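Architecture at a glance
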Amino acid sequence: MDRRIADIIVAGVLTIGAILLYRKIDRLWWTYDDAYLLHIAVAHPATDHFGVMWQSMPNRLFTPLLTATYDAELSVFRLDAKSFYRVSLALLGLLSVVIFATARLWLQIAEAASAAVLLIAGAPMCALATELMVVHYIESMIFGAASIALFVIALRRRSVALSSLSATFYMLAMLAKEIAVPLVAVLLLLPEATLRQRARFAAPHIMTLGFYFLWRRVALGEWIGGYGWTIRASDVPQLTVSFPIALLRHIGGTTAIGVALLVLIGFGILLRIRSTRDAFVVGTLLILSIAPILPMAKKLEARFVVVLWLCFVVIAVAGFATISNARIRNALLIAVPIIAIVVNRQTWAHEYSLSRRMSDEARAFFDLGAGDALRMPAVPPAAMSELKWLKETYLRKPGGAEWFYDDLFLCSVRTMPGRVFTWSERRREVVAMTGISSLRDRYCASIRSDAPLTASFHREGDALFWNFGPYEGGAYAVVIGDGVQAFEVPRADGFRLPGVTGLALRVRYRAPEGWVTYSPELQLDFSRRSDFAWHR
C-alpha cells in the first residue's frame, strides 16, 4: 500500500478513536470558568482579546487565543454548549493526527500511531476533554506540534520560508498557552542536521519569542505573571516528595494497571538513552516539560501534566523503536496503548462524573426561582456569580436565586430560602431538600462561638500568607459572605492574589468531633497595613 494512503487511513482511525473515547462530552454544560469566559467574550470586542484588557484580569495570564476561541464559538453557536464541546472533540481528533504526522518524520507508521494513541488515551487528557475552559491546551499542542514538523521539513529542504511559517505556529502556540514557550529550546535538541544549522533556522523562533514577551509586557504590564499557591524555601523538602508522587498519580493513577503503565513508559525512556548525548537530550526535555508547572507544585491538576505526558510518550515510543526484535517491539507498541486506554477509562469515570454533576447543578440553578437556593454545589464558588450573570443579565431570566457553600448561610439569613436544592449522590441528580429547618437548627447549635481560634495574615508582594490555630487537627476554611463562598485551606500557607487590595472573610474551624467555630468577619485592608492578627 502506498505510504500516503496508509497514513491517511491511520489518521482517520485515530480521529475516530479520539471521538469514541470522549464522545459523551457533548452531554455536558457550562462548568468551571465557562461562564466567566463567555462574559469576557460578550463584554469585549474581538480586537480586545489581544490587547490591554489583560491588565484587568486577576490571574495575570496571557491566553488571548482562549478568549478569542470562546468569542468565535459564541458568535457561531450562540449558547449551544453541545456545539462548544463538539469543537473540542474535533480538536482532540486533530491533535492525534498532528502528533501522528509529526512523529512520522522519524518513526515507522506503527510507532507513530502508537505514540498518537498513547497521547490521546493518556489519563491527563480526560481533564482536557471534560473541561471546555482548557481547550487552549489542546490548541497549543496542535500549533506546537505543527511548528516542530514545519521546522524539521524546513531543515531538510533548507527552506527559510517554512522556518518562518514554523515560527508563526510557535507564536500561535504561545498565544494559546504559555506551556509552548520552551518549544524553541526543543527545536535545538532535535535529531536533525547539525546544531549550527538548527540554530540558524531557529532564528525566526528566537525573534518570535522576544516579540511574544514584548507583547505580553504591553498587554499585562509585566514580563511574567501567574496565580496559585506560593512556594517558599521551607516548602521545598516536602515538595520534593509530594510533587513527583502527584505527577505520577495524574499520569498513571494508583491502581496496579496504572503502575504497570508507568513502569513500561519508564522502560521505554531508558531504552532511548544510549549515549551521553541521549541522556542530556532526554534529561533536558523532561526538565523543560516539568519546569513550567513547578509554580503549581503545591496543587497540581491533571491538565498541568499534559506536556510532560507528551514528552514521556514520544521518548518512550522512540525507545521501543530501538528494539531489534520485531515481535517484542510490536508487542510493546500494541500493549502499552491498550494499558493506557484502560487507565484512561478509570480516570474518565471520575472526571466525567464530576463534570456531569457541575453541568446538572448549573442547569438546575438556571431553573431556580426567586427565594430558592443551591446548597454546596461542585461548581467552584467563584464561578457561581458568573453563572448568575449569564442567567440574569445575558439571558434575562428571572433572578433572585441564591447559593451557598457553608451552612453558616442558613444561620445568618433573616428569611430562610423557600426551597433548597442540593446534589444527591445516591440519585445522581439535583434534588429538593426536605427538613431544611432541622438542618439549620442542628448546624447552628453545633457552632461554638466561644471556642479558642487564632488567625494571622501577612501581605507580601501579590501574595497573602496566613496562619490559623490553635488546633493541629481538624480542618480550616476561609468563608466569604456568611457562607456564599467557602474554601478549605491548609492551616498555614500562602496564595497569590494579584490586584487584590482587601478582603472581608471569616475563618472556620471544624473539629474532628463534629463541632465548628467561626471568627467574626475580619476586614483585611492591605492598602493600610500588610499584617493583621486576631485571636479569641
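Use the structure listed above.
Note that the coordinates shown come from a computational prediction; the quantities given were computed from them, not determined experimentally.

A word on the pairing of strand β14 (residues 531–535). Across the two faces of β14 the burial differs, with Phe 532 and Trp 534 buried and Asp 531, Ala 533 and His 535 not buried at all. Of the strand pairs in this sheet, strand β6 (residues 454–460) and β14 are connected by five bridges, and their pairing is antiparallel. Residue pairing across strands places Phe 457 opposite Phe 532, the latter belonging to β14.

This part takes up the pattern of salt bridges. Throughout the structure, instances matching the rule amount to 26 salt bridges. Of the charged contacts, one joins Arg 357 and Glu 361 as a salt bridge, the two residues approaching to 2.8 Å between their closest N and O atoms. On the criterion of helical spacing, the pair formed by Arg 357 and Glu 361 is a turn pair, its members being four residues apart in helix α16 (residues 326–367). Residue Arg 357 shares its accessibility class with Glu 361, and that shared class is buried. As a salt-bridge pair, Arg 375 and Asp 407 come within 2.8 Å of each other at their nearest N and O atoms. With Arg 375 in strand β2 (residues 372–375) and Asp 407 in the loop between β3 (402–404) and α18 (408–412), this pair connects stretches of sequence that are 32 residues apart. By relative accessible area, Arg 375 is classed as buried at 15%. With relative accessibility at 5%, the residue Asp 407 sits in the buried group. One network of salt bridges, in which partners are shared, links Arg 3, Asp 7 and Arg 104.

Scanning the entire structure with this criterion turns up 24 aromatic pairs. Note on Phe 50 and Trp 215: the rings are 6.2 Å apart at their centroids and 35 degrees apart in plane angle, and the pair reads as tilted. Here Phe 50 is found in the loop between α2 (34–43) and α3 (64–77), whereas its partner Trp 215 is found in helix α11 (residues 203–220), with 165 residues between them in sequence. Residue classification places Trp 215 among the partly exposed positions, given a relative accessible area of 23%. Directly above the ring of Phe 465 sits Arg 232, whose terminal nitrogen or CZ lies 3.7 Å from the centroid. The residue whose ring lies beneath Lys 391 is Phe 365, and the NZ or CZ to ring-centre distance is 4.9 Å.

As a further point, take the sheet that holds β14. The strand order across the open sheet formed by five strands is β1-β10-β7-β6-β14, and the pairing between neighbours is antiparallel. Of all the strands in the sheet, just β1 (228–229) and β14 have a single pairing partner and so form its edges. Of the pairings in the sheet, the one linking strand β7 (residues 463–469) to strand β10 (residues 492–496) comprises five bridges and is antiparallel in character. What sits directly across from Ala 463, in β10, is Arg 496.

Below, the discussion takes up the sheet that holds β3. Pairing is mixed across the open sheet formed by four strands, whose spatial order is β3-β2-β4-β5. The open sheet has two free edges, formed respectively by β3 and β5 (429–432), since each of these has just one partner strand. Here the strands of the sheet are splayed against their neighbours by 30 degrees on average, with no regard to which way each runs. Relative to strand β4 (residues 419–424), β2 is paired through four bridges, and the arrangement is parallel. Counted as the bridge partner of Arg 375 is Thr 422 from β4.

Thresholds, definitions, all that
Residues numbered from 1 in each chain as written. Predicted model: local features only at pLDDT ≥ 70, side-chain atom pairs only at ≥ 80, totals over all residues. Heavy atoms only, no water. Buried < 20%, exposed > 50% of the residue type's maximum accessible area, 1.4 Å probe, protein only. Helix = DSSP H or I, 4+ residues; strand = E, 2+ residues; numbered from the N terminus. Pairing = 2+ DSSP bridges. Salt bridge = Lys/Arg side-chain N within 4 Å of Asp/Glu carboxyl O. Phe/Tyr/Trp six-rings, centres within 6.5 Å; stacked < 30°, edge-to-face > 60°. Lys NZ or Arg CZ within 6 Å of the ring centre and 35° of its normal. Axes fitted to C-alpha atoms, helices over the stretch in contact; angles between N-to-C directions.

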